[in-house]
Amino acid sequence: MPFHAWAPSPPMGWNSWDAFGASVTEAEYLENARILAERFLPYGYDTATVDIQWYEAGARSSHYRPFAPLVLDDHGRPQPAPNRFPSAAGGRGFAPLAAQVRRLGLRFGVHLMRGIPRQAVGLELPIAGSQWRCHEVANPGSTCAWNTDMCGVNPDHPGAFDWYRAWFAQLAEWGVDFVKVDDIAAPNYHAPEVELIRRAIDASGRPMVLSLSPGPSLLEQAAHLQAHVNQWRVCNDFWDTWPQLRDNLVNLVKWAPHARVGAWPDADMLPVGKIGLRNLDGGGTGERDTRFTRDEQVLMLTAWTCARSPLILGNDLRRLDDWTFRLVTNPEVLALLRVPGAREWHSTAQGHRFVCSGPQGTWAAWLNTGEAPWHASLPAWLPDARRDCWARADLPAGTRTLTIPPHGARLVRCA
């Protein structure tokens with residue numbers, strides 16, 4: 001598929017959700033994008049994404065205001081709220097912001113909700129370049145369980161493609177490089193709308209990496225996903241709790257065999273560093289440092305990298321600490337994202353120890369989700385010259401076992 005060439009390795013970058021919820025501003029986004037370009041771009045992190053509800057002028061946190069008025073154009077297409085994104089004033093949309101991001105050497109990404117704004121449906125707005133109007137192609141019974149902004153389209157209506165074609169044509173005009181489409185893969189997999197979006201991106205004439213969120217649960221959908229999208233979530237929203245990390249590792253092991261060049265199972269953003277600045281969900285915890293221990297963060301990065309998941313940072317990069325920076329930019333670990341070939345995953349009988357090995361015995365990882373240290377034997381096929389990737393040091397000659405801490409991981413490659 002031609003679009004697979006747009007993501008030859010798992011995408012890497014930053015997304016505004018974990019830190020700013022639905023309320024990120026242009027200034028906050030740009031500050032983070034500049035840091036991404038200056039400090040992270042040399043390691044491959046090249047995409048900066050504005051997450052959900054950039055078209056909602058009154059967004060204040062991660063809570064969604066029910067049936068809030070949205071900023072739309074005359075054809076029902078969402079527009080950046082000028083009070084939050086001043087460069088969008090005068091109908092310029094995201095074009096000025098995307099141009100600034102590209103000058104930094106980055107790709108510009110946006111979050112979209114599946115379907116048509118309910119506001120456009122209620123106003124019966126005309127679809128750009130079409131004989132049809134929004135209410136004629138909408139499916140008012142196909143709605144999101146947690147957000148009231150949109151309803152789905154009727155994929156059997158002849159104007160359904162017109163809607164997506166017109167919307168993605170505008171995104172292409174703005175210079176969008178990456179789209180994260182939400183409410184499309186879980187709890188129900190909306191295959192017809194996935195296909196419409198694929199056609200719309202291709203018709204736009206602009207390469208846009210397509211990401212689906214949240215994730216499907218059925219492996220039977222793998223072939224369809226591989227044929228239409230660049231990355232798809234394998235979980236619901238992932239946050240910094242140990243049960244979620246433990247369960248997400250199991251998701252990755254299940255989905256990793258379905259990774260292909262240009263089509264990547266996605267374990268969601270990395271909740272490291274300072275997050276939750278305006279995330280008031282989950283008991284109103286608000287701003288915090290990640291709740292993961294350092295060992296758990298090493299396990300997370302090891303799992304995401306070995307399974308070739310996209311690596312999307314979710315923290316406020318303006319408050320980055322040195323340890324977190326070294327964690328997510330370790331070149332010896334990140335190199336595994338680009339090593340071709342299948343991975344082999346094995347778990348122990350106890351079900352809380354995992355081993356992943358690379359093609360032709362080039363590297364191996366041990367991941368311990370148990371509560372006790374694990375003393376693992378090095379495989380015979382690893383030569384005597386062995387490199388501890390997290391320590392960035394050679395293993396002492398004659399090493400035969402490794403100790404993997406509880407909730408931790410080790411990663412070794414041929415030196």
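Here's what I pulled together on the structure shown here. (Residues numbered from 1 in each chain as written. Predicted model: local features only at pLDDT ≥ 70, side-chain atom pairs only at ≥ 80, totals over all residues. Heavy atoms only, no water.)

## Things to note about the pattern of salt bridges
If the charged atoms of two oppositely charged side chains come close together, the side chains can form a pair.
Phase 1: This structure, assessed with the given rule, holds 22 salt bridges.
Phase 2: Of the charged contacts in the structure, one is a salt bridge between Arg-107 and Asp-46, with a shortest N-O distance of 3.7 Å. A residue pair is termed long-range when its members are at least 10 positions apart, and Arg-107 in strand S3 (residues 107–113) and Asp-46 in the loop between helix H2 (26–40) and strand S2 (47–50) qualify at 61 residues.
Phase 3: Among the residues examined, Arg-107 registers a relative accessible area of 23% and is labelled partly exposed.
Phase 4: Between Asp-202 and Arg-198 there is a salt bridge, with its nearest N and O atoms 3.1 Å apart. Residue Asp-202 and its partner Arg-198 are located together in helix H7 (residues 191–204), separated by 4 residues, close to a single helical turn.
Phase 5: Residue Asp-202 is classed as partly exposed on the basis of its relative accessible area, which comes to 43%.
Phase 6: Overall, the relative accessible area of 4% leaves Arg-198 in the buried class. (Salt bridge = Lys/Arg side-chain N within 4 Å of Asp/Glu carboxyl O. Helix = DSSP H or I, 4+ residues; strand = E, 2+ residues; numbered from the N terminus. Buried < 20%, exposed > 50% of the residue type's maximum accessible area, 1.4 Å probe, protein only.)

## Digging into the environment of Arg-392
Phase 1: With respect to the element layout, Arg-392 can be found in the loop between strand S18 (386–388) and strand S19 (393–394).
Phase 2: The partly exposed category is assigned to Arg-392, whose relative accessible area is 37%.
Phase 3: Along the sequence, Arg-392 and Glu-332 sit 60 residues apart, while their C-alpha atoms lie 7.2 Å from each other.
Phase 4: Setting aside anything within four residues of it in sequence, one finds Arg-392 in contact with Arg-326, Thr-329, Asn-330, Pro-331, Glu-332 and Arg-387. (Contact = heavy atoms within 4.5 Å.)

## Here we look at the side chain of Asp-73
Phase 1: Its place among the elements puts Asp-73 in the loop between S2 and helix H3 (95–103).
Phase 2: Here Asp-73 falls in the buried class, since its relative accessible area comes to 17%.
Phase 3: Separated by 2.8 Å, the side chain of Asp-73 and the backbone nitrogen of His-75 make a polar contact.
Phase 4: The residues touching Asp-73, leaving out its near neighbours within four places in the chain, are Gln-79, Leu-125 and Gln-170. (Polar contact = N/O pair within 3.5 Å; in protein donor to acceptor, adjacent residues only side chain to side chain.)

## Some words on the nonpolar core
Phase 1: Within the largest apolar cluster, 125 residues are counted, with the highest numbers of intra-cluster contacts made by Tyr-29 and Leu-212.
Phase 2: By residue number, the principal contributor to this core is helix H6 (residues 160–174), which donates 10 residues.
Phase 3: Looking at which domains feed residues into this core, each of domain 1 (3–338) and domain 2 (344–414) supplies at least three.
Phase 4: When sequence neighbours within four positions are dropped, the list of residues in contact with Leu-212 reads Val-181, Ile-184, Ala-185, Tyr-189, Val-194, Leu-225, Val-229, Gln-231, Trp-232 and Arg-233.
Phase 5: Counting residues in hydrophobic clusters, the runner-up holds 10 residues, among them Ala-364, Trp-374, Ala-376 and Val-412. (Core = buried A, V, L, I, M, F, W, Y, C linked by side-chain atoms within 4.5 Å. Domains from an automatic or database assignment.)

## A few points about the packing of aromatic side chains
Aromatic ring pairs are reported here in terms of the distance separating the ring centres and the angle at which the planes meet.
Phase 1: Applying the stated rule across the entire model yields 18 aromatic pairs.
Phase 2: Here Trp-54 and Trp-174 contribute two aromatic rings whose centre-to-centre distance is 6.2 Å and whose plane-to-plane angle is 75°, an arrangement assigned as edge-to-face. Pair noted here: Trp-54 is in the loop between S2 and H3 and Trp-174 is in helix H6, with a separation of 120 residues, a long-range link. One exposure class covers both Trp-54 and Trp-174, and it is buried. (Phe/Tyr/Trp six-rings, centres within 6.5 Å; stacked < 30°, edge-to-face > 60°.)

## Thoughts on the sheet that holds strand S4 (residues 116–117)
Phase 1: In space, the 3 strands of this open sheet follow the order S4-S6-S5, with antiparallel pairing throughout. In this open sheet, the two strands that pair with only one neighbour each are S4 and strand S5 (138–143).
Phase 2: The sheet contact formed by S5 and strand S6 (residues 150–153) spans 3 bridges and is antiparallel. Bridged to Ala-138 within S6 is Val-153.
Phase 3: Against the sheet, H6 engages S4 and S6, with an angle of about 125° to S6. (Pairing = 2+ DSSP bridges. Axes fitted to C-alpha atoms, helices over the stretch in contact; angles between N-to-C directions.)

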